[in-house]
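This is what each chain is made of:
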Number of protein chains: 2
Amino acid sequence: MLIVQKFGGTSVGDLERIQNVANRVSKTKKAGNDVVVVVSAMSGETNKLVGYAQKFSKNPARAEMDMLLSSGERVTASLLSIALNEMGFEAVSMTGRRAGIVTDIVHTKARIENISPHAMSKALKEGKIVVVAGFQGVSSDGNVTTLGRGGSDLSAVAIAGALKADLCEIYTDVSGIFTTDPRIEPKAKKLDKISYDEMLELASLGAKVLQNRSVEMAKKLNVNLVTRTSFSDEEGTLITTEDEIMEKALVSGIALDRNQARVSLMGVKDRPGIASEIFTALAEADVNVDMIIQNKAYDDTTNIDFTVGVGDLSDAKSVVDRFINSKDIKDDSYNDTICKVSIVGVGMKSHTGVAAKAFSTMATENINIHMISTSEIKVSMVIDEKYAELAVRSLHNAYELDK
Amino acid sequence: MLIVQKFGGTSVGDLERIQNVANRVSKTKKAGNDVVVVVSAMSGETNKLVGYAQKFSKNPARAEMDMLLSSGERVTASLLSIALNEMGFEAVSMTGRRAGIVTDIVHTKARIENISPHAMSKALKEGKIVVVAGFQGVSSDGNVTTLGRGGSDLSAVAIAGALKADLCEIYTDVSGIFTTDPRIEPKAKKLDKISYDEMLELASLGAKVLQNRSVEMAKKLNVNLVTRTSFSDEEGTLITTEDEIMEKALVSGIALDRNQARVSLMGVKDRPGIASEIFTALAEADVNVDMIIQNKAYDDTTNIDFTVGVGDLSDAKSVVDRFINSKDIKDDSYNDTICKVSIVGVGMKSHTGVAAKAFSTMATENINIHMISTSEIKVSMVIDEKYAELAVRSLHNAYELDK
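Residues numbered from 1 in each chain as written. Chains lettered and ligands numbered in written order. Predicted model: local features only at pLDDT ≥ 70, side-chain atom pairs only at ≥ 80, totals over all residues.

(A) Examining the packing of helix α4 (residues 71-86) of chain A against helix α3 (residues 62-86) of chain B more closely. Interhelical geometry of α4 of chain A versus α3 of chain B gives an angle of 160° and a closest axis separation of 8 Å. Judged by the inter-axis angle, α4 of chain A sits roughly antiparallel to α3 of chain B. Regarding α4 of chain A and α3 of chain B, the two cross each other, and that crossing is left-handed. Along its contact with α4 of chain A, which presents S71, R74, V75, A77, S78, L79, S81 and I82 of chain A, the element α3 of chain B presents E64, M67, L68, S71, R74 and V75 of chain B. Residue composition of the contact of α4 of chain A with α3 of chain B, by class: seven nonpolar, four polar and three charged. (Axes fitted to C-alpha atoms, helices over the stretch in contact; angles between N-to-C directions. Helix = DSSP H or I, 4+ residues; strand = E, 2+ residues; numbered from the N terminus. Parallel < 35°, antiparallel > 145°, perpendicular 65-115°, else oblique. Left-handed = near helix turned anticlockwise from the far one by under 90°. Contact = placed C-beta atoms within 7 Å. Nonpolar A, V, L, I, M, F, W, Y, C, P; charged D, E, K, R; others polar.)

Okay, structure coming up:
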């Protein structure tokens, strides 16, 4: 098998941990596999460099930040390669450039455009372990670029796709994807398998193990993704196509997003285009709107409710104020003591009654549902934040996720 | 004018010092010059990384060391560029690769083969300050290489040569080249100008401000080199062609090399090729031989004396032992309490009596001269180490170098 293994900053946080990673890689190699390793900077390094830059400028040029930040992964890659050499393996470290990772020219947030894996393929054919500096690439005009948050995961997935690897393992300090947050529901179970789409819904709802960009790319390139911990030999969670998952669970997991606020607009003038005007203005102010509900009031106006991230609340307020001043909206109110609970599962597509069970569970617990939104594989409910844990636990129980 | 300015590790040792460098560069730019800056890694960084690598392997692969060590200069280059941007200058940092520095493939000790300065020229034409990561280049097969000790100086000189810069300033913590070591002779004076050849003799004799590689390259590429301090505005010393130096001093400086040991071989068989055999064997053992004296003994044998660096002494001993065992040499003795004092000056070429004055000065002070060697611009004498300071001071005085 050809396996791509990615180790994040915590997993390579000091020299001892780098040695642990070398041991793990050597096991995989000894088992007869070809291995490409993708590494992040040692934890703390990137923050240190960002801190240095901030001392000189509040707004440093992005190309310079890429030059600065791309150094950390090079250090880890060469150290790991040296450790593997010392253990008797042939290993070679490669920069993003050397690995053939070509990106667009958007510094600090570059997107991978394509990968020319010749150097990697050649080294693998020679029996070498390839160690790639993650998070970085080279733009078509020859400058070093970085891929933004979660960039090393992206490097790993893209490399796995380009090399048609059998597996892409993402090592973190979490042992996999759970049916819900174990800190809320101790009976939460680790999933063996989950589909890309379920993972996307769980990630965007706060699971935080993988960035959506990486899952989307894995889905697009058909990469079998595994998240697991580098601190033990415990098996992780495989994220793959729906077809690969034989027994489709009705519900795979319960996600909780506390970072939500509700905006209520009362007495919105009922004229064509008003909703479009409001949401365009919000988009221009970079306010990310999630759920939207519109309903007719008793008079000639409508009420519009929507949710935004808590961090966007004051920006949303400024936008709404403009419409209040122009008398397009009569009144507004804001509530940041809400949360969003979501149940996710591909099985919902083919089964009825999944949503109804969620609502009845909330009713049994006397939890008032403020807003509801659904997709093919997801039901989300906005409730008061104080009921967050109760809602998660009772839903987890209702769908028997601990079984 | 086009000026290349190189700042070593101490000059960029912390963020405050990097800001000082930015201030100095900005002054040069504001005065109407084009500026290319070459920087080393922040002092301590390279040693830290070498220490990391040593934890994993006593003998890490050299290509991996280059990957590892080349990261430090990138950090300094981008930080300096960010600082200059913040001060309102357009600046751009470049790796060795981007600056077009092509080397051979000898990792950790690469030699610069050529420079393609297109990217630098273009940026300069656009009015930008170019900040280059020193010490590094790229081999013809596309891998990052480093240039070994003094590598950033080499980068600066080679860039100055390729861009036909008017001046290449090397900033260190020393304010220039002195007539002798000021710690020995407080009356030592800083030289305004010195020729490449004089500098080469002074450097090899221990002046330690510049590596000979850099001076040799400056001579070859006809680069006007200035060494000066980054900690004050004091003028430095210009190292240039002899033609540029109008008033040729008889003697420019007195150098002292304490790192010498004397090897005496007695009763060497007087047959053809014996000297060649001995010195070939020493060369094969990587022993660097400096001065050699051979004289006939009373019997059928000769005596051979030579000097080596103290660090090579035990290797030299092993080689000599082989000749003793084969009875080619009767007896040997070693003395590491000697030193070498040299007087250097291009004026010697056209003046007589310079060497004679050195010998008479030693005689006046009752200092016994063990060995003498001379070149066109240098007279070296081996004496007992205990007389080192006395010899330097009396020679400095005899040639009136404090005037």
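The rest of the description comes next.
(B) Focus on the sheet that holds strand β17 (residues 371-375) of chain B. Residue and element names in this part refer to chain B. Taking strand neighbours across the sheet as the criterion, the six strands line up as β14-β15-β13-β16-β18-β17 in an open arrangement whose pairing is antiparallel. Looking at the sheet topology across the chains shown, the edges are occupied by β14 (289-296) and β17. Direction aside, the axes of adjacent strands within the sheet are offset by 25° on average. Judged from the eight bridges that link them, strand β13 (residues 253-269) and strand β15 (residues 301-309) form a sheet pairing that is antiparallel. The residue bridging R262 from the neighbouring strand is T307, located in β15. Lying over the sheet, helix α9 (residues 313-325) contacts β13, β15 and β16 (329-344), oriented at roughly 145° with respect to β16. Against the sheet, helix α10 (residues 354-364) contacts β16, β17 and β18 (378-384), and its axis sits at roughly 15° relative to β18. (Pairing = 2+ DSSP bridges.)

(C) Structural view of the nonpolar core. Core analysis: the largest hydrophobic core is formed by 235 residues, its most contacted members being I159 of chain A together with I159 of chain B. The element contributing the most residues to this core is α3 of chain B, with ten residues. A domain split of this core shows at least three residues from each of domain 1 (2-173) and domain 2 (254-398) of chain A. In this view, I159 of chain A contacts V4, V36, V38, A99, I115 and V132 of chain A; residues no more than four positions away in its chain are not counted. (Core = buried A, V, L, I, M, F, W, Y, C linked by C-beta atoms within 7 Å. Buried ≥ 20, exposed ≤ 12 C-beta atoms within 10 Å, placed from the backbone. Domains from an automatic or database assignment.)

(D) Seen up close, the domain arrangement of chain A. Assigned domains within chain A: domain 1 (2-173) and domain 2 (254-398). When each unit is reduced to the centre of its C-alpha atoms, the spacing between domain 1 of chain A and domain 2 of chain A is 40 Å.

(E) Structural context of the pairing of strand β6 (residues 129-133) of chain B. All names here are of chain B. Extensive coverage of β6 is indicated by the burial of five of its five residues. Of the two faces of β6, both are covered, the one formed by I129, V131 and A133 as well as the one formed by V130 and V132. Sheet topology places strand β2 (residues 34-39) next to β6; four bridges connect them, and they run parallel. Following the sheet pairing, V39 is matched in β6 by A133. As paired elements, strand β3 (residues 91-94) and β6 share four bridges and run parallel to each other. Bridge pairing in β6 links A91 to I129.

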